[in-house]
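What the coordinates show
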Amino acid sequence: MRWTLPNILSVLRLCAAPLFPAVYFLWDSPLADWIALVLFVGAAATDWVDGYLARKWNVVSRFGAMVDPIADKAMVLIALMVVVAQAGMPVVMTLAAGVIVFREVFVSGLREFLGARAGQLRVTQLAKWKTTVQMVAISVLIGHGIVALPAVEFLGTALLVVAAGLTLITGADYFAKAWPYLAEEERP
């Protein structure tokens, strides 16, 4: 494995994920919200930058292909847990987060099961949009701790619901693509 800039960015994002909830134990709001927002937006930006640089510089690696989605999932899932807890676990936000968590675990399980055939579950453009909407929703919900306006929380929750809808669609798409590999073989 080579330590390229894209791989370093992915590893930094992975290491930043567990720091996200720690921010709320170390500082009070709104400082904690500002730090968490900068940490999350920085992680979201490196999600795009590391892939772009790896392709542009022709340094795509197996390590990067492995660690990048893990870092993405770790940051999103941990941030979801924190924003839902910070908001007091409102029903709509909690259900939307639950759908997102379920899909991430489900698709990861499909990829693990498929092993070498996991390439059949390529990331689609809609899945990229889903990730973008998730990250914007989480950023807005973190920002609600700074601004504390009901409209901000409503916008963040609405975006999270849209992300959950996209999550269901992309999860179903991955399942449909994996279905032929899940069928039991006929026994004589």
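The residue numbers shown here count from 1 along each chain, following its written sequence. With the structure being a predicted model, the display of local features is reserved for residues of pLDDT at least 70 and the display and counting of side-chain atom pairs for 80 or more, all residues being used for whole-chain, interface and lining totals. Water and hydrogen atoms were dropped before computing side-chain values, which therefore reflect all heavy atoms in the structure.

1. A word on the overall build of the protein chain
The helix and strand labels rest on DSSP assignments: H or I over at least four residues marks a helix, E over at least two residues marks a strand, and numbering proceeds from the N terminus. Tallying secondary structure elements over the protein chain gives seven helices and zero strands in all. Ordered by position from the N terminus, the helices and strands of the protein chain form the series α-α-α-α-α-α-α. Radius of gyration here uses only the C-alpha atoms, and the compact-globule reference equals 2.2 Å multiplied by the residue count raised to the power 0.38. On C-alpha atoms alone, the protein chain measures out to a radius of gyration of 18 Å, which is about the 16 Å that the 2.2 N^0.38 rule sets for 188 residues. When the backbone C-alpha atoms are referred to their principal axes, the protein chain occupies close to 65 × 40 × 25 Å. Within the protein chain, buried positions represent 39% of all 188 residues. Taking the contacts inside the protein chain whose residues are at least 6 apart along the sequence as the reference set, 76% of them involve residues at least 24 apart. Neither His nor the chain ends contribute to the count of charged residues, in which Lys and Arg are positive and Asp and Glu negative. In this description, the location of a charge corresponds to atom NZ of lysine, CZ of arginine, CG of aspartate or CD of glutamate. Taking the average location of the 14 positive side-chain charges in the protein chain and that of its 13 negative ones, the two points are 10 Å from each other. Only protein chains enter the calculation, and the probe is 1.4 Å; a residue is then buried if its accessible area is under 20% of its type maximum, exposed if over 50%, and partly exposed in between. The contact criterion used throughout is that any non-hydrogen atoms of two residues lie within 4.5 Å.

2. Concerning helix H6 (residues 125–147)
Between its first and last C-alpha atoms H6 spans 32 Å; for 23 residues at 1.5 Å apiece the expected length is 33 Å, and the two agree. All of the buried residues in H6 are Ala127, Lys130, Val133, Gln134, Met135, Ala137, Ile138, Ser139, Val140, Leu141, Ile142 and Gly143. Of the surrounding elements, those touching the buried residues of H6 are helix H2 (19–26), helix H3 (31–56), helix H4 (62–86), helix H5 (91–114) and helix H7 (150–182). Of the residues flanking the end of H6, it is Ala148, one or two places downstream, whose phi is positive at about 55 degrees. For a helix, the expected span equals 1.5 Å multiplied by the number of residues minus one.

3. Description of the packing of helix H1 (residues 5–16) against H4
Running from amino to carboxyl end, H1 crosses H4 at an angle of 30 degrees, the nearest separation of the two axes being 8 Å. Between H1 and H4, the angle falls in the class roughly parallel. Regarding H1 and H4, the two cross each other, and that crossing is left-handed. For the pair formed by H1 and H4, the contact residues are Asn7, Ser10, Val11, Arg13, Leu14 and Ala16 on the first element and Phe63, Gly64, Val67, Asp68, Ile70, Ala71, Asp72, Ala74 and Met75 on the second. Side-chain classes are defined by residue name, with Ala, Val, Leu, Ile, Met, Phe, Trp, Tyr, Cys and Pro counting as nonpolar, Asp, Glu, Lys and Arg as charged, and the others, Gly among them, as polar. Each residue belonging to the contact of H1 with H4 can be placed in one class, and the counts come to nine nonpolar, three polar and three charged. Here an axis means a line fitted to C-alpha atoms, over the contact stretch when the element is a helix, while the angle between two N-to-C directions is reported on a 0 to 180 degree scale. Orientation categories follow fixed angle ranges, with anything under 35 degrees roughly parallel, anything over 145 roughly antiparallel, 65 to 115 roughly perpendicular, and all other angles oblique. Here a crossing is taken to be left-handed if its near helix is turned anticlockwise relative to the far helix by less than a right angle, and right-handed if that turn runs clockwise.

4. A short note on the packing of aromatic side chains
Stacked, tilted and edge-to-face are the three classes assigned to paired rings of Phe, Tyr and Trp, where Trp is represented by its six-membered ring and a pair needs centres within 6.5 Å; plane angles under 30 degrees give stacked, over 60 edge-to-face, the rest tilted. Counting across every chain of the model gives seven aromatic pairs. Ring geometry for Trp48 against Tyr52: centres 5.0 Å apart, planes inclined by 10 degrees, an arrangement best described as stacked. Of this pair, Trp48 and Tyr52 both sit in helix H3, four residues apart, which is roughly one turn of that helix. Under the relative-accessibility criterion, Trp48 is labelled exposed at 58%. Among the residues examined, Tyr52 registers a relative accessible area of 35% and is labelled partly exposed. An aromatic cluster is built from Phe102, Phe106, Phe175 and Trp179, whose rings are joined through pairwise contacts. In this analysis the charged atom, NZ for Lys or CZ for Arg, is taken to sit over a ring once it is within 6 Å of the ring centre and within 35 degrees of the ring normal. In this arrangement the basic side chain of Arg111 is found over the ring face of Tyr174, its NZ or CZ atom lying 5.1 Å from the centre.

5. Re the environment of Val136
Here Val136 is to be found in helix H6. As for Val136 and Ala163, which are separated by 27 residues in sequence, their C-alpha atoms are 9.5 Å apart.

6. Topic: the environment of Met1
Following the sequence through the fold, Met1 ends up in the segment before H1. The exposed category is assigned to Met1, whose relative accessible area is 56%. Spatially, the C-alpha atoms of Met1 and Gly64 are 9.1 Å apart, while their sequence positions differ by 63 residues. Once residues lying within four places of it in the same chain are set aside, the contact partners of Met1 are Asn7 and Phe63.

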